[in-house]
Structure formats: C-alpha cells, structure tokens
Amino acid sequence: MIALLNGVLSGELLNEVAGKKVRDPLSLLHAGGPDSGRDRRLAFLSEAGAEQPFAVVKWGRGAWARGLVREQAAISQVRATSNPVLLDSCPPSWGPFESGPDTVVMIQRYIPSRSIYSQLRGNLWPRLLVDDHFARVSSWLGHFAQATLQAHRPLDEALIEEHIEAPLRTFAQLFGDDFVPRQAIDGITCAAKEHLGQSVPLIAKHGDLWPTNLLSPYSRAGGLYVVDWEHYRQVSLGGFDMLFFCTTYSRDFPWRPMGWMEYEVALSRAFIQRTWLAGHVELALTDYHAAIELPRGLAPILLAVLMARMSVRHVEAMPGRTPDPQAYWPRVFHAWRCRPSNSWLDVWAG
C-alpha cells in the first residue's frame with residue numbers, strides 16, 4: 001500500500017497533512033482484521049520510528065469508494081460553516097484521490113485521541129466516565145444544530161412521508177409483513193400525525209454518531225472529535241443524532257465485566273426503565289429538544305424510525321445479504337414496538 005500511496009499522495013501533500021516536513025521512510029500500520037473486506041482499508045501513516053502517526057488513510061473501491069466521496073463532501077460542508085467548535089472537532093481531510101478504476105484514497109490529519117468506545121472498554125469503572133461523555137456529546141450536538149439549522153417549519157404530510165413513513169415502508173419491504181406488520185407502521189405514522197402543524201427543525205445529520213466515531217482528545221479536558229461522515233445529510237428532521245448516540249451508548253456500555261447485556265436489556269435500561277443511565281439520557285434529550293425546539297412527543301416516534309433506517313442501511317451495505325431479524329437494529333425495533341405503555345420515554349414525551 002505504501003507504493004500505491006507514493007503514486008497518489010505527493011510529498012508536498014504529506015507535509016501539509018503533517019504540518020511539517022515528513023521524513024522518509026514512511027511506516028504504515030493497517031487497522032481492521034481480515035473481515036474488513038478487500039474493497040476497503042484503513043491505515044495509519046507515520047514516519048519510521050515515530051511514536052504516533054501523522055495521518056489516517058482511507059482506501060476504498062466500488063461502493064466504499066463512493067462512500068469516501070460522500071464523506072469528503074460532508075467534511076467540506078461542515079468545515080465551511082466556519083463554526084469554531086465544528087472546525088475544531090472535524091479534523092482536516094484531503095481528497096478523495098483516484099488510485100485506480102473505481103478506487104479512491106482520502107487522507108486525514110491524525111489527532112491524538114481515544115474513542116469513547118475504547119474508553120468504556122478499557123476502564124474498570126466505566127460508569128465514572130458517563131457524565132463526561134454525555135456532556136461532550138450534548139455540547140457538540142448543540143453547536144452542530146445551531147450551525148446547520150436550515151429552518152423551522154410546521155410538520156406536514158410531506159415531512160411525515162419523507163422522514164417517517166417512507167423509511168418504515170422500506171424496512172417492512174425488506175423484513176416482511178410478519179416481522180413488521182402493517183399495523184405497526186400505521187400506528188407510528190398515526191402517532192406522528194398527532195403532531196401535524198407543530199413547528200419542527202430541519203437541520204443537518206451526522207448519521208453515525210456512535211461511541212467509536214466520537215474521540216476524546218488526549219491534549220485537553222473537554223472537546224470532542226467527530227469522524228466518519230459518510231452518512232451525513234445536509235437536511236434532516238432534527239432529533240436522530242441524539243437518539244442514535246443514546247441508543248448505541250447503552251448497547252456498547254460494558255454492563256458487566258468484559259461483556260455486554262442482551263440488546264433488549266440494554267435498550268430497556270436506556271429508554272424504558274428508570275435506571276441511572278436513563279437519567280443521563282433524559283437530561284440529554286431534555287436539553288437537546290429545548291435547544292433545537294423539537295416537540296418532545298416526537299421522540300418515541302423518531303426512535304422507532306431510527307431503528308428502521310439503520311436496519312435497512314445494514315442490509316443495503318452488503319448486497320446480497322439476507323435481512324436478519326436477529327441483528328441488533330431489527331431486534332431493538334421489535335423490542336421498542338412491544339414495550340410497556342409506561343416506558344419513561346413515553347411518559348416524558350407525553
């Protein structure tokens with residue numbers, strides 16, 4: 001891969017990425033196991049003998065190449081907002097550069113940091129980190145929403161069709177009527193229509209805001225780096241990013257030493273039972289809904305739609321894959337649809 005990069009990335013570009021003159025020879029550390037596939041690679045680029053890399057290199061072919069093109073376009077849009085918090089949180093990126101037929105490379109400046117996921121997995125008392133994690137993410141999402149707000153407009157049939165009903169129908173088509181009965185879609189859609197006429201925000205959406213993509217800087221207290229922008233959307237109904245973070249944080253939290261809880265249990269501890277984590281989720285949602293002026297009553301609806309969207313995404317990401325109702329997102333959709341009526345999120349939204 002070094003030879004490939006030498007043919008695509010100039011020395012001047014590498015100096016710009018590193019912020020200094022890069023010494024030869026270069027060293028490349030691959031990330032990801034054999035299951036990462038032949039059509040994508042992630043690697044860290046460093047000077048030989050250096051203690052840490054200066055760049056992250058992403059290589060993709062076919063669908064993965066097109067994903068890198070989308071990611072670079074998203075990063076360019078976010079950095080164009082000139083919001084200082086977003087500029088600081090979104091590391092500079094160059095490319096994508098063609099490296100062969102339907103193949104591209106992009107390169108990003110390496111920022112010394114550790115993912116929130118790694119922090120959770122490497123700490124004997126992960127619960128002590130939760131306050132800090134939620135504070136960082138809530139602050140960042142507030143700035144992101146403020147910088148990317150398109151408009152507030154009344155919730156109408158067109159918005160419900162695009163952002164709620166259409167993804168639910170696609171989900172049902174993929175997984176079948178037995179798993180997603182028509183009455184389930186009708187129930188969620190009818191619940192959304194109860195909010196017709198209420199003002200809702202249209203903002204940008206990162207689209208993949210889970211703990212692995214959220215990096216805590218080594219160099220200072222506070223702040224957040226946000227990576228992997230492939231699923232960014234410039235215009236979306238507000239609310240999805242915060243729900244995505246809360247859902248995946250509960251899933252990835254090490255509820256027991258060296259292990260996780262069953263998917264349904266983790267979901268329940270975030271959105272159904274009044275647990276200590278539910279308290280963090282409630283505070284984050286309360287502040288977020290107030291900041292972006294999103295009606296609380298939409299939260300349980302958007303949570304179901306998020307699960308449906310993610311189920312579809314994971315199937316479509318691997319052409320030929322048979323939809324698996326036991327995968328994470330369809331399982332939690334089913335658990336959420338069958339939840340008790342007195343879940344704390346429904347009470348809060350009521």
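Note: the structure precedes this text.
My aim in this report is to walk through the structure given alongside it, one point at a time.

Rules and cut-offs
Residues numbered from 1 in each chain as written. Predicted model: local features only at pLDDT ≥ 70, side-chain atom pairs only at ≥ 80, totals over all residues. Heavy atoms only, no water. 1 Å grid on protein atoms, 1.4 Å probe; cavity = no way out; pocket = protein on both sides within 12 Å on 5 of 7 lines; lining within 4 Å. Points joined across faces, edges and corners; volume = space filled by probe spheres on them. Helix = DSSP H or I, 4+ residues; strand = E, 2+ residues; numbered from the N terminus. Pairing = 2+ DSSP bridges. Axes fitted to C-alpha atoms, helices over the stretch in contact; angles between N-to-C directions. Buried < 20%, exposed > 50% of the residue type's maximum accessible area, 1.4 Å probe, protein only. Phe/Tyr/Trp six-rings, centres within 6.5 Å; stacked < 30°, edge-to-face > 60°. Lys NZ or Arg CZ within 6 Å of the ring centre and 35° of its normal. Parallel < 35°, antiparallel > 145°, perpendicular 65-115°, else oblique. Contact = heavy atoms within 4.5 Å. Nonpolar A, V, L, I, M, F, W, Y, C, P; charged D, E, K, R; others polar.

We now examine empty space enclosed by the protein. One water molecule sets the probe size; rolling that probe over the atoms shows where empty space is left. Scanning all chains against the criterion turns up 2 cavities of 30 Å³ or more. As a volume, the largest cavity reaches approximately 50 Å³. Lining of the largest cavity is provided by Leu-141, Phe-144, Ile-203, Ala-204, Lys-205, Ser-236, Leu-237, Gly-238, Gly-239, Phe-240, Asp-241 and Tyr-288. Counting residues per element, the ones that place at least two in the lining of the largest cavity are α6 (130-148), β8 (199-205), β11 (233-237) and α9 (240-252).

Time to look at the sheet that holds strand β7 (residues 151-154). Reading across the sheet, the 3 strands line up as β7-β8-β11 and stay open at both edges, with antiparallel pairing between neighbours. Bordering the open sheet on either side are β7 and β11, each of which pairs with just one other strand. Here the strands of the sheet are splayed against their neighbours by 35° on average, with no regard to which way each runs. The pairing of β7 with β8 spans 4 bridges and is antiparallel. Within β8, the residue paired with His-152 across the bridge is Pro-201.

Of all the 7 residues making up strand β3 (residues 55-61), 6 are buried; the element is thus mostly covered by neighbouring parts of the structure. As paired elements, strand β2 (residues 40-47) and β3 share 6 bridges and run antiparallel to each other. Following the sheet pairing, Arg-41 is matched in β3 by Trp-59. For β3 and strand β5 (residues 103-109), the ladder comprises 7 bridges, and the chain directions are antiparallel. Considered in β5, the bridge of Gly-60 is made with Val-104.

Within the structure shown, the criterion is met by 20 aromatic pairs. On the basis of an interplanar angle of 75° and a centroid distance of 5.2 Å, the ring pair of Phe-134 and Tyr-249 is categorised as edge-to-face. Pair noted here: Phe-134 is in helix α6 and Tyr-249 is in helix α9, with a separation of 115 residues, a long-range link. Measuring from ring centre to ring centre gives 4.8 Å for Phe-171 and Phe-333, while their planes differ by 75°; the resulting arrangement is edge-to-face. Of this pair, Phe-171 sits in helix α7 (residues 157-175) while Phe-333 sits in helix α13 (residues 328-337); the two residues are 162 residues apart in sequence, bridging distant segments of the chain. You'll find Phe-171 and Phe-333 in the same group, each marked buried. Each member of the aromatic cluster is reached from another via a ring pair, and the members are Phe-134, Phe-245, Tyr-249, Phe-253, Trp-255 and Trp-276. Here Arg-121 stacks its cationic end above the ring of Trp-260, 3.9 Å away from the centre of that ring. A cation over an aromatic ring shows up here: Arg-269 above the ring of Trp-255, its NZ or CZ 4.8 Å from the ring centre.

Packed helices, taken two at a time, are described by the angle their axes make and the gap between the axes. Packing of helix α10 (residues 263-271) against helix α11 (residues 276-292) brings their axes to within 6 Å, and their N-to-C directions diverge by 55°. What the angle tells us is that α10 and α11 run oblique. In this structure, α10 uses Arg-269, Ala-270 and Phe-271 to contact α11, whose residues at the interface are Leu-277, Ala-278, Val-281 and Leu-285. Of the residues contributing to the contact of α10 with α11, the split by class is 6 nonpolar, no polar and 1 charged.

A few words on the side chain of Gln-108. Positionally, Gln-108 belongs in strand β5. The contact partners of Gln-108, leaving out residues within four places of it in the chain, are Val-17, Phe-54, Ala-55, Val-56, Lys-58, Glu-71, Ile-75, Pro-92 and Ser-93.

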